[in-house]
Amino acid sequence: MTTLLDKLWSAHEIRRSEDGRSLLWVDRHLVHEGSNHAFAKLATRVASIAEPGLTFGVVDHYAPTRGTTASPAIAQMIKTLESNAKRHGMTCFGLNDPRQGIVHVIGPEQGLTLPGLLVNCGDSHTSTHGAFGALAFGIGATEVAHVLATQTIWQSRPKSMRITVSGNLQPGVGAKDLALAWIAKLGADGAQGHAIEYAGDSVRRLSMEGRMTLCNLSIEGGARFGMVAPDETTFAYVKGRPYAPSGQTFERAQVYWETLKSETNAEFDLDISLDAAEIAPIVTWGTSPEDALPVTATVPSPANLSGTNAERVAAAIDYMGLVPGRALTEIQIDQVFIGSCTNARIEDLRAAAAILVGRHAKVPGLVSPGSQQIKVQAEAEGLDHIFTDAGLEWVGVGCSMCVAMNGDHVAPGKRCASTTNRNFRGRQGRDARTHLMSPAMVAAAAVTGYLTDVRPLLTERNAI
Amino acid sequence: MTGWTEHRGLAAALDIANVDTDQLIPARFMSTPRSGDYGQFLLHDLRFDRNGDPRPDFPINRHPEVNILIGRRNFGSGSSREAAVYALIDFGIRAVIAPSFGDIFAANSINNGLLPALMSERKVTDIITWLDGDSAVFYLNIEKRKIMFDDQTISFTLSDASAQKLINGWDDIDLTEHHRPAIMAYRAQRAKTQPWVFPAQETAG
Ligand code: SF4
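Residues numbered from 1 in each chain as written. Chains lettered and ligands numbered in written order. Predicted model: local features only at pLDDT ≥ 70, side-chain atom pairs only at ≥ 80, totals over all residues. Heavy atoms only, no water.

> Kindly report on the overall build of chain B, identifying the contributing residues and their values.
Of the regular secondary structure elements, chain B holds ten helices and seven strands. With the C-alpha coordinates aligned to their principal axes, the bounding extent of chain B is approximately 65 × 45 × 30 Å. The proportion of buried residues among the 205 residues of chain B is 58%. For chain B, the accessible surface area stands at approximately 8400 Å², while carbon and sulfur atoms represent 51% of it. Side chains of chain B carry 21 positive and 26 negative charges; the gap between the two charge centres is 6 Å. (Helix = DSSP H or I, 4+ residues; strand = E, 2+ residues; numbered from the N terminus. Buried < 20%, exposed > 50% of the residue type's maximum accessible area, 1.4 Å probe, protein only. Areas by Shrake-Rupley, 256 points an atom, 1.4 Å probe, with all protein chains shown as cover. Lys, Arg positive; Asp, Glu negative; His and termini not counted. Charge placed at Lys NZ, Arg CZ, Asp CG, Glu CD.)

Here it is as structure tokens:
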């Protein structure tokens, strides 16, 4: 009757306090420039961190993607991380390291993320690593300091939730659409206090890249945890990665990893089902990820809603500069962004390139690969030329326009079709207007200059 | 962090749902050292226009002395940035009352002595309606899980663990140090039974 969550939780629980909190062992702690507050906090109390061998740093949030750092304050953020790493004797993938990339991309890529681990990072999208059947969640600076000092974390056990997706996804529809579909259905706080396990044959058929996109967006529905039980797809991905076990140790590990699944009769506090065939390519129109609709729909009319919801929708439409009742495909965009830990893996770049090859973008845009390794691979496959021939900029690696900390941002009032994870007010820059969608959908928007259903573009391509 | 049990102060409503941490503090301010005043960044882009002038009708501009905020659902959703809590604290906010909170935000709040008080949507709506855009003196008590204002007493929800931390001003690092032997025993056991959980390059060395 146990769930995957039960198994992972008890495997990491060192103690349970009277008030019900568990003290959990942390297998991997990933830090980035934003962890500076935690290191500063620690400096006044302990001389060294508990487990430098289990702590890995990476420059991503402030990494420049076009030449040099945008300001001295930004350069200082990067320098501080690198000097903290040196002082504490932990590995840091710095700016010139071939292993550098966005923290949630390089963890799996380097084999640091494995099934059965507990992974923490001071970034809410740490849920990404749950795609491997790991207990992975984002934490704040005080908690980061605690993990640095003790390699443990106090945590109240979340409730369990399962989202089962069955059936075949239509061509042009992928993990991003799936995630936005359930968030639109349940709301941006629909999974608050819950750990989600994604299940069903549609999830099983997803690649690791797709599963990571799905788990990544769990936090946008309020869940801190998103998980997929490991299987052959997971083991094949992990095998041969630099920090992953090898040889007999790998085989031993796999025997254990195969036990990491919910029992067939396990019960969940919340159990949701989705039909994959019903999911269309999705875009967001508003300022919360729950403001998501099939691209074939129209901008909602606050007049048809009531109470605080009507006010919220009206405010979002006003900020986004939209007209209620208009078709979403009539929304003209100013630029595109392809990047972030949600959708900047090789599969994402291939999906966008497949639409852009031989076509021209009507608007400017950036394509920022998720890691140096992905950049190298994409260039080996000639994807960079597809993007630049279409008129987009192929830039360096980092969080870039996902969080607009490194100087890359969308100008006030401008509208961006983006593969990122948050359409919050001001997320991509002050007064910036963000529409979230999949890489293929961003490519389609680039080609027409409007929010666009990618499916006809796929068929036209097949006809050639 | 010093603990606290009760507080009397001025409350005002921030009648907006989904106030995410990007709104509580825009990312571009986050390279500021903690010694700086984060209060000036609180809700910056809602509070100030593009010229940097305060929007006079924005709640915390109308009531700059507010220290209890009444918010709407999904307050503090989004990123894990603890700076969102620093901005609230530095501005002088001691408690936020809302129907739901982002999980990480709530944990960060407790760690910084800020009370995230959960209350049903209906009760929150009643309070916001009663305030009618004004501010009023509220009294709140963590131990009793109650707020009082006018002639009303309303209870809120907070877990025992969170209440204890706020009241005692506990720092988890001190608490965890007591468990060091158990932690070390766990580590040794893990290394023995599941050696692969330690990174390959480390165990090889
Ligand atoms: S790409 Fe965006 S969401 Fe991902 S780690 Fe960077 S800032 Fe966070």
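> Summarise the packing of aromatic side chains; cite the residues concerned and give the values.
Residues and elements named next belong to chain A. The full count for this structure, using the stated rule, is 17 aromatic pairs over all chains. On the numbers, 6.0 Å between centres and 20° between planes, the contact of Phe235 with Trp257 is stacked. Placement of Phe235 in helix α9 (residues 232–238) and of Trp257 in helix α10 (residues 247–257) is noted, with a sequence separation of 22 residues between them. When its relative accessible area of 3% is taken as the criterion, Phe235 is described as buried. Given the relative accessible area of 0%, Trp257 is considered buried. (Phe/Tyr/Trp six-rings, centres within 6.5 Å; stacked < 30°, edge-to-face > 60°.)

> Would you mind going over the pattern of salt bridges in detail, with residue names and values included?
Residue and element names in this part refer to chain A. Using the criterion set out here, one finds 39 salt bridges over all chains in the structure. Across the salt bridge formed by Arg21 and Asp19, the nearest N and O atoms sit 4.0 Å from each other. A salt bridge links Glu143 to Arg224; the nearest nitrogen and oxygen atoms lie 3.7 Å apart. Pair noted here: Glu143 is in helix α5 (residues 141–150) and Arg224 is in the loop between α8 (208–216) and β11 (225–227), with a separation of 81 residues, a long-range link. Pair check on accessibility: Glu143 and Arg224 agree, each one buried. (Salt bridge = Lys/Arg side-chain N within 4 Å of Asp/Glu carboxyl O.)

> An account of the sheet that holds β11 of chain A is needed here, citing residue identities and associated values.
All names here are of chain A. Spatial strand order, β11-β10-β9-β12: four strands in an open sheet with parallel pairing. Two strands close off the open sheet at either side, each with one partner strand: β11 and β12 (270–275). Pairs of neighbouring strands in the sheet enclose a mean axial angle of 20°, with direction left out of account. Sheet topology places strand β9 (residues 159–166) next to strand β10 (residues 194–199); six bridges connect them, and they run parallel. If you follow Thr164 over to β10, its bridge partner there is Ala199. Docked against the sheet, helix α6 (residues 175–186) engages β9, β10 and β12, running at close to 125° with respect to β12. (Pairing = 2+ DSSP bridges. Axes fitted to C-alpha atoms, helices over the stretch in contact; angles between N-to-C directions. Contact = heavy atoms within 4.5 Å.)

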